[in-house]
Amino acid sequence: MRKIITATVLTLFFLMVYTIPLAEGYDANKPQIIWQAQKLGKSTDFHVGPNGLFYLFSGNKLAAVDAGGQKLWEAAVTGGAKTGRLIFDRHGSIFYPGSACIQEVKLNGGSGWSFAVYQGNSKDDPQLAFGPGNLLYLPLASGLYAVDTAGKYKWMMHWESNDAISTQADQGRKILACAGTTQAVYVATGVGGKENRLVAVTGNGEILWGYWLGDIKAVNLATGSDGRLYITAGPIKNANGTLWKVYAFDDKSNGSPLWSNSIKCNNMTEPTVSEHGLLYLHADDKLVALNQSDGTEAWSNLFNKVVTAPAVDEGSKRVYLGTQDNRLLAVNRQGRLDWELTLDGRVSCRPLFGPGGIVYVTTEKGSLYKIQD
């Protein structure tokens, strides 16, 4: 009799355990926050270094955070009122542009060399790119400067003359964007908001070709692993309204684009190149996917209040977007929303990805999240 009672109690216990409802709101298909690191500052740039640490730029400070969300160090950086996007090399250094300068920071936070050009401070966002010969290319109003990774000056190319000595800035010249491949460095530049053109320059400072971009205000550049260059440029106003142009060039181009497309919108992000044949960009409230082969539209869909350029996880082929109302969006390869997650602040930096569906994202509240998709 005792055995029967014991067996009955165990059976009831088993049924109770396995029929208790999951916590309210739990969904195994929704993302789970693994950890949240706080008080890291409002990030303006966010990267993972070759050593696996996360590097967050906030104002004039650079912070390093480990894979567990612990801040290892924070270092003040120099370079003037504005600093640009971080660049990493494979030998243990970080480079960033300031007002007419390049500054090196070691991966452990130690300061390195500094290269400065003595000209008036520019109001343009500083630009810097790796390019041919593994050189650093700094485009300024006075010309394009090439510097090696040890901080040694190599050459300078003036935009409008053969004078490679003068560092005087061209009156009214603006630098809109810069990107590099192993074959060329590309700079979008213009004078007085007009005469904007894209210039392709060799590793020896010779102009390969130029392409007229027209009277525009903004240019965004992105390069693919195949050496292609993708461009968004605008806005352009005509009788049909306001539009932006999207272009593709290859590294063998003579100045003619492989293709171009016009998209009706007021604002457009920089393009995001994927390894599965699509080019992503956000135009006003639309996420647009273009075929890299010919620039035709594969699909588009509406997503409101997005402020980041798209970020692509090549493993899942999902596209991630950050919004001004504190959300992280995950969009599938057909352009449909899979999920959204509300965080503690505006998401203005592109997410980064780890193996197994891990997403890292920062917010303007100074938080860094590790999320399991």
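Residues numbered from 1 in each chain as written. Predicted model: local features only at pLDDT ≥ 70, side-chain atom pairs only at ≥ 80, totals over all residues. Heavy atoms only, no water.

A closer look at the overall build of the protein chain
1) Next: Helix and strand counts for the protein chain stand at one helix and 32 strands.
2) Next: A buried classification covers 50% of the 373 residues belonging to the protein chain.
3) Next: Contacts in the protein chain between residues far apart in sequence, at least 24 positions, make up 39% of those at least 6 positions apart.
4) Next: Carbon together with sulfur atoms contributes 50% to the accessible area of the protein chain, which is approximately 18,400 Å² in total. (Helix = DSSP H or I, 4+ residues; strand = E, 2+ residues; numbered from the N terminus. Buried < 20%, exposed > 50% of the residue type's maximum accessible area, 1.4 Å probe, protein only. Contact = heavy atoms within 4.5 Å. Areas by Shrake-Rupley, 256 points an atom, 1.4 Å probe, with all protein chains shown as cover.)

Observations regarding the pairing of strand β18 (residues 218-223)
Two faces make up the sheet, and in a regular strand the side chains alternate between them.
1) Next: Relative to strand β19 (residues 229-238), β18 is paired through six bridges, and the arrangement is antiparallel. In the sheet register, L221 faces β19, and the bridge partner there is I231.
2) Next: Where β18 hands over to β19, the hairpin turn is made up of five residues, of which G227 adopts a positive phi near 90 degrees. (Pairing = 2+ DSSP bridges.)

Re the sheet that holds strand β32 (residues 368-372)
1) Next: If you walk across this open sheet you meet the four strands as β1-β32-β31-β30, and the pairing is antiparallel. Because the sheet does not close on itself, it has two edges, and the strands there are β1 (32-37) and β30 (352-354). On average, each strand axis in the sheet is inclined to that of its neighbour by 25 degrees, with strand direction left out of account.
2) Next: Two strands pair when backbone bridges link them, and β1 and β32 are joined in this way by five bridges, in the antiparallel orientation. Bridge pairing in β32 places Q36 opposite Y369. (Axes fitted to C-alpha atoms, helices over the stretch in contact; angles between N-to-C directions.)

Considerations on the nonpolar core
1) Next: In terms of nonpolar packing, the biggest core is built from 18 residues, with Y186, L198, V219, L221, L229 and I231 touching the most fellow members.
2) Next: Counting only elements with at least two residues in this core, the list comes to β14 (173-180), β15 (185-191), β16 (194-201), β17 (207-214), β18, β19 and β20 (241-249).
3) Next: The contacts of L198, once residues within four sequence positions are left out, are Y186, V187, A188, W209, G210, Y211, L213, L221, L229, I231 and F249. (Core = buried A, V, L, I, M, F, W, Y, C linked by side-chain atoms within 4.5 Å.)

Side note on the confidence of the model for the protein chain
1) Next: When pLDDT is averaged along the protein chain, the result is 87, and 87% of the positions lie at 70 or above.
2) Next: Mean pLDDT across the elements of the protein chain bottoms out in helix α1 (residues 2-19) (40) and peaks in strand β24 (residues 286-291) (98).
3) Next: Taken as a whole, residues 1-26 scores under 50 in pLDDT and shows one contact with residues more than four places along the chain or in a different chain.
4) Next: The model gives residues 162-166 a pLDDT under 50, and that stretch makes six contacts with residues more than four places away or in other chains. (pLDDT = per-residue confidence, 0-100.)

Side note on the environment of H276
1) Next: Its location among the elements puts H276 in the loop between β22 (272-273) and β23 (278-283).
2) Next: In this structure, H276 is in contact with V312, E314 and K317, ignoring residues within four places of it in sequence.
3) Next: At a separation of 2.9 Å, a polar atom in the side chain of H276 contacts the side chain of Y280. (Polar contact = N/O pair within 3.5 Å; in protein donor to acceptor, adjacent residues only side chain to side chain.)

Regarding the side chain of T363
1) Next: Within the secondary structure, T363 is located in the loop between β31 (358-362) and β32.
2) Next: For T363, a relative accessible area of 2% corresponds to the buried category.
3) Next: Excluding its chain neighbours within four sequence positions, the residues that come into contact with T363 are G41, L343, D344, G345, R346, V347 and Y369.

Looking at the side chain of K370
1) Next: Along the polypeptide, K370 turns up in strand β32.
2) Next: Apart from residues lying up to four places away in sequence, K370 is in contact with Q32, I33, I34, W35, A67, I358, V359 and Y360.

Notes on the pattern of salt bridges
Opposite charge on two side chains lets them pair, provided their charged atoms get close.
1) Next: A full pass over the atoms with the stated rule returns eleven salt bridges.
2) Next: In this structure, E104 and K106 form a salt bridge, with 3.0 Å as the shortest nitrogen-oxygen distance.
3) Next: Using a relative accessible area of 4% as the deciding quantity, one classes E104 as buried.
4) Next: For E340, the salt bridge is made with R327, and the minimal N-O distance between the two is 3.1 Å. Here R327 lies in strand β28 (residues 327-331) and E340 lies in strand β29 (residues 337-342), a separation of 13 residues in the sequence.
5) Next: Under the relative-accessibility criterion, E340 is labelled partly exposed at 41%. (Salt bridge = Lys/Arg side-chain N within 4 Å of Asp/Glu carboxyl O.)

Focus on the sheet that holds β19
1) Next: Judged by pairing direction, the sheet is antiparallel, and its four strands sit side by side in the order β18-β19-β20-β21 without closing on themselves. Of all strands in the sheet, those with a lone pairing partner are β18 and β21 (259-264), marking the two edges. The mean inter-strand angle of the sheet, taken between neighbouring strand axes irrespective of direction, is 20 degrees.

Side note on the packing of aromatic side chains
1) Next: For the structure shown, the criterion picks out 20 aromatic pairs.
2) Next: For the ring pair F57 and Y96, a centre distance of 5.4 Å and an interplane angle of 80 degrees mean the geometry is edge-to-face. Linking F57 in strand β3 (residues 54-58) with Y96 in strand β7 (residues 93-98), this pair joins segments that are 39 residues apart in sequence.
3) Next: Taking the relative accessible area as the measure of exposure, F57 reaches 1% and is therefore buried.
4) Next: Residue Y96 is classed as buried on the basis of its relative accessible area of 0%.
5) Next: Ring centres of Y247 and F249 lie 6.3 Å apart, and the angle between their planes is 35 degrees; on these two criteria the pair is classed as tilted.
6) Next: Taking the relative accessible area as the measure of exposure, Y247 reaches 5% and is therefore buried. (Phe/Tyr/Trp six-rings, centres within 6.5 Å; stacked < 30°, edge-to-face > 60°.)

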